[in-house]
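Here's the letter readout for the chains.
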Amino acid sequence: MVKKVLDFIFPNFSCLVCGDEINVSAHAHVCNACLNELDLARPSRRTAKSVFGEPGKGKKHPWRHSYTAFLYTGEVVGLVMNFKYSHQGLVAKFAAPILVEQMLCEGAGEYDVVVPVPLAQKRLSERGYNQAELLAEDVVEALAKEQETKVVLLDSILIKTRETEPQVEMATKKRQENQKGAYALVDKDRANELLNGKRVLIVDDVMTSGATLTECARVLKSAGAEVIDIATIARIGS
Ligand SMILES: [Zn+2]
């Protein structure tokens, strides 16, 4: 009877990594044994300069800091794949609080708006959901618990205008070219109204070369965003 009541209050979860059942009272999505195996990013924060080097004379990188929860290695790879391809929204529920905790530990300030990286329409129809949007919802929820000012999710401000080539085999310069012009503001005036002078956090599942996120940042910056940071579940590299 007690177990039945507990099951009702705390529904049973299977570990998102190994599939084992997790004790109901733990109310977690990854068991402790697996949690210890996941490679936390330490530090979580990187600057645009440390990723891309000096921006070039008279230029500025469009974003300031990127934060990530995990390194894209070991079991994290499977976790992110599940998130991307099998509609495992629980991955976001699990990762968002960890990500936000790391951000705060490493001095991230407050944000006014959170913007998920959009998918191209065709990809969105095939997949049925945008994993970055699911993550952004949970990041907003986690941030709202921690900061004093209101944080707003803007999930219809940016669109992906065309499908880009898979980037895995591309050199950095090529990746940047591949992303150029792939994102746009849905409505420039509205974007200006919503972004001018605002502190923006762009959210995606994985940071690979940073070319996608940088292109999104460039577009949002053009609408007057004051400062732009990036947050992802995992990043490739150290
Ligand atoms: Zn496990």
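Scoring rules and cut-offs
- Residues numbered from 1 in each chain as written.
- Predicted model: local features only at pLDDT ≥ 70, side-chain atom pairs only at ≥ 80, totals over all residues.
- Buried ≥ 20, exposed ≤ 12 C-beta atoms within 10 Å, placed from the backbone.
- Helix = DSSP H or I, 4+ residues; strand = E, 2+ residues; numbered from the N terminus.
- Pairing = 2+ DSSP bridges.
- Right-handed = clockwise from strand over helix to strand, strands pointing away.
- Domains from an automatic or database assignment.
- Contact = placed C-beta atoms within 7 Å.
- Nonpolar A, V, L, I, M, F, W, Y, C, P; charged D, E, K, R; others polar.
- Axes fitted to C-alpha atoms, helices over the stretch in contact; angles between N-to-C directions.
- Parallel < 35°, antiparallel > 145°, perpendicular 65-115°, else oblique.
- Left-handed = near helix turned anticlockwise from the far one by under 90°.
- Core = buried A, V, L, I, M, F, W, Y, C linked by C-beta atoms within 7 Å.

Some thoughts on the pairing of strand E10 (residues 227-235)
Within E10, eight of the nine residues are buried, leaving the element largely enclosed by the surrounding structure. In the sheet, strand E4 (residues 65-71) pairs with E10 via five bridges, with the strands oriented parallel. Bridged to Phe 70 within E10 is Ala 234. Across eight bridges, the pairing between strand E9 (residues 199-207) and E10 is parallel. Looking at E10, one finds that Asp 204 is bridged to Thr 232. In this fold, E9 hands off to helix H10 (residues 211-222), which returns the chain to E10; that crossover is right-handed.

Concerning the domain arrangement of the protein chain
Taken as a whole, the protein chain is organised into domain 1 (1-37) and domain 2 (41-235). Relative placement of domain 1 and domain 2: their C-alpha centres are 29 Å apart. Listed as interface residues are six residues of domain 1 and, on the opposing side, ten residues of domain 2. For the side of domain 1 that touches domain 2, a count of residues per class yields four nonpolar, one polar and one charged.

Describing unusual backbone geometry
The linkage connecting Arg 42 with the following residue, Pro 43, adopts the cis geometry, with an omega of 0 degrees. Inspection of the secondary structure assignment puts Pro 43 in the loop between helix H2 (32-37) and strand E3 (45-47).

A few points about the packing of helix H5 (residues 89-105) against helix H7 (residues 131-146)
Axis separation between H5 and H7 bottoms out at 8 Å; the angle between their running directions is 45 degrees. With respect to each other, H5 and H7 are oriented oblique. Seen from above, H5 lies across H7 with right-handed handedness. Contact with H5, carried on its side by Gly 89, Ala 92, Lys 93, Ala 96, Pro 97, Leu 99, Val 100 and Leu 104, involves Leu 134, Leu 135, Asp 138, Val 139, Ala 142, Leu 143 and Glu 146 of H7 and no other residues of that element. The residue inventory of the contact of H5 with H7, partitioned by class, reads eleven nonpolar, one polar and three charged.

Remarks on the environment of Ser 156
By the element assignment, Ser 156 lies in the loop between strand E6 (152-153) and strand E7 (158-160). Along the backbone, Ser 156 and Pro 118 are 38 residues apart, and their C-alpha atoms lie at a distance of 8.5 Å.

Focus on the nonpolar core
Counting 65 residues, the largest nonpolar core has Leu 99, Val 139, Val 200, Ile 202 and Leu 220 as the members making the most contacts within it. Once residues within four sequence positions are removed from consideration, Val 139 is found in contact with Ala 96, Leu 99, Val 100, Val 114, Val 203 and Ala 231.

Observations concerning the sheet that holds E10
Spatially, six strands are ordered E3-E4-E10-E9-E5-E6 in an open sheet, and the strand pairing comes out mixed. Two strands in the sheet have a free side with no partner beyond their single neighbour: E3 and E6. In the sheet, strand E5 (residues 113-116) pairs with E9 via four bridges, with the strands oriented parallel. Paired with Pro 116 across the strands is Val 203, a residue of E9. Sitting on the sheet, H10 touches E5, E9 and E10, and the angle it makes with E9 is about 160 degrees.

Considering the packing of helix H8 (residues 172-179) against H10
Each pair of packed helices can be described by the angle between their axes along with the distance between the axes. Contact pair H8 / H10: the axes reach a minimum separation of 9 Å and the direction vectors enclose 45 degrees. With respect to their mutual orientation, H8 and H10 come out oblique. In this structure, H8 crosses over H10, and the sense of that crossing is right-handed. Where H8 abuts H10, its residues Arg 175, Gln 176, Asn 178 and Gln 179 lie against Ala 211, Thr 212 and Glu 215.

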